[in-house]
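Close look at the chain arrangement
Listed below, chain by chain, are the residues.
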Amino acid sequence: MRPTRTPRTSPPRRLAALLLSALSALFLAAPASSAAAPAPVPGTLTPYNIGAVYTAGVSSGGYMATQLHVAYSGTVSGSAAFASGPYDCARASLPTALNACMNTTQDLQLAQLEQLTRDRSAQGLVDPVSNLTGDPVYVFSGTNDSTVKQPVASALSDYYAHFGARVLYNRSTPAGHAWISPLGPNACGVTQTPFLNDCGFDAERELLGHLLGSVAAPATTPSGSLIRFDQNAYAPGGSAAALSMGDEGFAYVPASCASGAACSLMVALHGCKQGYAYQGFGTRFVEDGYLNEYADTNAMVVLYPQAAPTSTLENPNGCWNWWGYLGDAAYARHGGKQIEAVMGMVRALRGGTPPPPSGGGSVTLSSVDAQDGYVKASADGSGAAVGTLEDLSGFALGRGTDGKVNRTLLSFDTSGIPAGKEVTRAYLTVSRSSGSGDPWASPAGNRLLVDVRTGCFGGCAVEAGDWSAPATVVGAAQIGTFSSGSAVSTDLSPAALAALNRSGTTQLRLGFAAAPATTAYLFVNQAAPVTLTVEYR
């Protein structure tokens, strides 16, 4: 890539052309598609038994993977990025994207990016940065990558490390600018279409092993279903094309996940000119990324959202939005149009619903620590007492070793919902701290329910009577089984939305519908507050 410093006076079209020129070495005509995945079948995104969510991407998709992780770290438990840099590196500036986030002719100012993240977290524009502590992150940068130069990727590694993430950084492979896969048709060191390079090792085993902890050997041939779904249903405003996204997206679902097994979710994001809608590129990234083979043997659904080219100079290469094109000032945080579209897909796969097509805003509220806690009692509610292990272990749910059944109380200042707005949706995000056994399976089909109380169940501070105090809405939402990371509840019911106290406190009570017959419990949110996300219009 020829170093270029664009004058500030350059018009927007000239800036876009410069970015296209800088990326042009990446993209030639794509070869014929392989047969590594089953043929797509029309369908919709339906709920599966999904716990942890991860993101992975290459180039612009790597930037988007990081944006999703940082913006929604309460939902996304880790991330992998090939050939990209730190969160919001471009700061809505195309010259910065060119010169600091691809080339090194401009300082990308890592300390400022980290402070920007902290500021947005404090303002509720991204999830609490404390969620990033301990999250697994995989970073890859090839020594032959002259498109996104290695110091930029090193800054991504440093960015995450400064927030306490567990980073595995592969920086010694002589790769060009590409996603690395044993199925890649390209030699390792080249930078050319389809940007799927074989470097003689299994990068997917390396990244998935780091994110998931361990992985089983991949299947020889994927045997699940590749679903082609309508992305317009998840686009704020109802038009995917208006966001530079394709009409069609894809999701690979192993047979085990379709049958109800507990599964994780990987959101896999292609790079520029690798999207389905780009000049006949088709499903090459979906087929040759070598994720479906691991999905079959490791209980993992793979979501493949699709960016698409614009007919203008805004985004003719079909890149993901990592520099603020089409006037989307929120592109890297809550409310970013592509981010919200993808998160709508994630929620649909986990049991939520897509965002309302009319768009709107959202606010993420953290629970009030001084009023949070848990109570325990016998299965019939007798002998209730306030739990004492919150600071040490978190909030308890299920049956503990003392034979008591635990319920968690959470307070939210819902006066933070903007006045005059119609609440369209709300959901909780919780993070697992530890546990023992499976309370969802004791008895079989047990459900973790969310009760809602307008105001407080008793006094707003946790007290023994909260265990059985009446709720305004019982079973307003539920949280599916998850064994690690974070989980998002189903959407609160319409009655629960109406019960949110717009002038003060709303309390939520989490508890299992049936008392587990034996010891089976989990602790949640020992190190960070539970969050309640409220969407409105």
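As a starting point, this report considers the structure included with it. (Residues numbered from 1 in each chain as written. Predicted model: local features only at pLDDT ≥ 70, side-chain atom pairs only at ≥ 80, totals over all residues. Heavy atoms only, no water.)

So, helix H6 (residues 203-212)
Under the convention used in this document: Working definition: with a 1.4 Å probe on protein chains only, accessible area under 20% of the residue-type maximum means buried, over 50% means exposed, and in between means partly exposed. Going along the chain from the N terminus, every DSSP run of H or I of four or more residues is numbered as a helix, and every run of E of two or more is numbered as a strand. Whenever two N or O atoms come within 3.5 Å, that pair is a polar contact, provided that in protein one can donate a hydrogen and the other can accept it, and provided that, for residues adjacent in sequence, both atoms are side-chain atoms.
Burial analysis of H6 places seven of its ten residues in the buried class, the great majority of the element. For H6, the complete set of buried residues consists of Ala203, Glu204, Leu207, Leu208, Gly209, His210 and Leu211. Where H6 begins, one side-chain oxygen reaches toward the backbone nitrogen of Glu204, 3.1 Å away; that side chain belongs to Asp202. In the stretch just after H6, Gly213 is the one whose phi turns positive, near 105 degrees.

Some points on the sheet that holds strand E6 (residues 179-180)
The pairing of strands in a sheet comes from backbone hydrogen bonds and takes either a parallel or an antiparallel form. Applicable threshold: Here, strands pair whenever DSSP counts at least two bridges between them.
In spatial order, the strands read E6-E8-E7; together these three strands make up an open sheet with parallel pairing. The strands lining the two open edges of the sheet, one partner per strand, are E6 and strand E7 (186-187). In this structure, E6 lies alongside strand E8 (residues 196-198), joined through two bridges in parallel fashion. Its bridge partner lying in E8, Ile180 is registered against Asn197.

Some thoughts on the state of the cysteines
The test is simple: When two cysteine sulfur atoms are found within 2.5 Å, that pair is recorded as a disulfide.
Within this structure, the stated rule accounts for five disulfides. A disulfide bridge connects Cys257 with Cys263, and the sulfur atoms are separated by 2.1 Å. The sign of the -105 degrees torsion about the S-S bond sets the Cys257-Cys263 disulfide as left-handed. Here Cys456 pairs with Cys460 through a disulfide, and the sulfurs are 1.8 Å apart. Disulfide Cys456-Cys460: the torsion about the S-S bond is 75 degrees, which places it as right-handed. On the accessibility criterion, Cys460 (28% relative accessible area) is partly exposed. What links to what in the protein: the bonded cysteines, counted in sequence order, pair as 1-2, 3-4, 5-6, 7-8, 9-10.

Some points on the nonpolar core
The criterion, for reference: Residues enter a nonpolar core if they are buried and are Ala, Val, Leu, Ile, Met, Phe, Trp, Tyr or Cys, with the set joined through side-chain atoms within 4.5 Å. Any two residues whose heavy atoms approach within 4.5 Å at even a single point are treated as in contact.
Ranked by size, the top nonpolar core spans 74 residues in total, and within it Leu45, Leu265, Val267 and Leu303 carry the most contacts. Sorting elements by how many residues they give to this core places helix H10 (residues 337-350) first, with eight residues. Those residues in contact with Val267, other than ones at most four positions away along the chain, are Val53, Tyr54, Thr55, Ala56, Leu68, Leu303, Pro305, Val342 and Val346. Of all hydrophobic cores here, the second largest spans 36 residues; its members include Phe140, Leu196, Leu207 and Phe281.

Some details on helix H4 (residues 110-122)
As a reminder, the rule being used: What a helix should span is 1.5 Å times the count of its residues minus one. Here the arc refers to the directions that run from the helix axis out to each C-beta atom.
For H4, which comprises 13 residues, the first-to-last C-alpha distance of 19 Å matches the rise-based estimate of 18 Å (1.5 Å per residue) to within 8%. Taken together, the buried positions of H4 are Leu110, Leu113, Glu114, Thr117, Arg120 and Ser121. Projected down its long axis, H4 shows its buried positions confined to an angular sector of 125 degrees, all on one face. Summarising the geometry of H4, the exposed residues directed more than 90 degrees from the buried face are Ala111 and Ala122. Buried residues along H4 sit in contact with helix H2 (60-71) and helix H5 (150-162). Positive phi shows up at Gly124, right after H4, with a value of about 80 degrees.

Thoughts on the environment of Ile339
In this structure, Ile339 sits in helix H10. Looking at Ile339, the relative accessible area reads 0%, which means it is buried. Sequence separation of Ile339 and Cys101 is 238 residues, and the distance between their C-alpha atoms is 20 Å. In contact with Ile339, not counting residues within four places along its chain, are Met64, Gln67, Leu68, Ala71, Tyr72, Tyr331, Ala332 and Arg333.

As for the pattern of salt bridges
To keep it simple, the criterion reads: Every case where a carboxyl oxygen of Asp or Glu lies within 4 Å of a side-chain nitrogen of Lys or Arg is listed as a salt bridge.
All chains considered together, the criterion is met by nine salt bridges. Taking the shortest distance from any N to any O, the salt bridge between Asp402 and Lys376 comes out at 3.3 Å. Of the two residues, Asp402 is situated in the loop between strand E16 (395-399) and strand E17 (405-413) and Lys376 in strand E14 (residues 373-377); the sequence distance between them amounts to 26 residues. Note on Asp402: relative accessible area 44%, which makes it partly exposed. Assessed through its relative accessible area of 23%, Lys376 is described here as partly exposed.

Some words on the sheet that holds strand E9 (residues 225-230)
Threshold: To get an axis, fit a line to the C-alpha atoms, keeping to the stretch in contact for a helix; angles then go from 0 to 180 degrees between the N-to-C directions.
Read across the open sheet, the nine strands follow the order E1-E9-E10-E12-E11-E2-E3-E4-E5; overall the sheet is mixed. The sheet terminates laterally at strand E1 (41-42) and strand E5 (166-170), the two strands that pair on one side only. Seen against the sheet, H6 touches strand E2 (50-58), strand E3 (76-82), strand E4 (136-140), E5, strand E11 (263-269) and strand E12 (300-304) and runs at an angle of roughly 155 degrees to E4.

Comments concerning the environment of Gln231
Its location among the elements puts Gln231 in the loop between E9 and strand E10 (248-253). Separated by 113 residues in the primary sequence, Gln231 and Gly344 place their C-alpha atoms 9.8 Å from one another.

Focus: the packing of aromatic side chains
Under the convention used in this document: Two aromatic rings from Phe, Tyr or Trp, using only the six-membered ring of Trp, form a pair when their centres are within 6.5 Å; if the ring planes differ by under 30 degrees the pair is stacked, by over 60 it is edge-to-face, and anything between is tilted. Geometrically, a charge over a ring is one whose NZ (Lys) or CZ (Arg) sits within 6 Å of the ring centre while staying within 35 degrees of the ring normal.
Counted under the stated rule, the structure contains 18 aromatic pairs. Judged by centre distance (5.8 Å) and plane angle (75 degrees), the rings of Tyr521 and Phe523 are edge-to-face. Among the aromatic residues, those joined into a cluster by ring pairs are Phe82, Tyr138, Phe140, Trp179, Phe285 and Tyr304. Here Arg347 stacks its cationic end above the ring of Tyr72, 5.4 Å away from the centre of that ring. Just above the ring of Trp467 sits the side chain of Arg407; from NZ or CZ to the centre is 3.6 Å.

Description of unusual backbone geometry
Across the junction of Thr193 and Pro194, the peptide omega takes the value 5 degrees, indicating a cis bond. Mapped onto the secondary structure, Pro194 falls in the loop between E7 and E8. Cis peptide bonds are those with omega within 30 degrees of zero, and the linkage from Ser442 to Pro443 qualifies with 0 degrees. Here Pro443 lies in the loop between strand E18 (423-436) and strand E19 (448-454). The residue Ala83 is not glycine, and still its phi comes out positive at about 55 degrees. Residue position: Ala83 is located in the loop between E3 and helix H3 (94-99). Unusually for a residue other than glycine, Leu326 sits at a positive phi of about 55 degrees.

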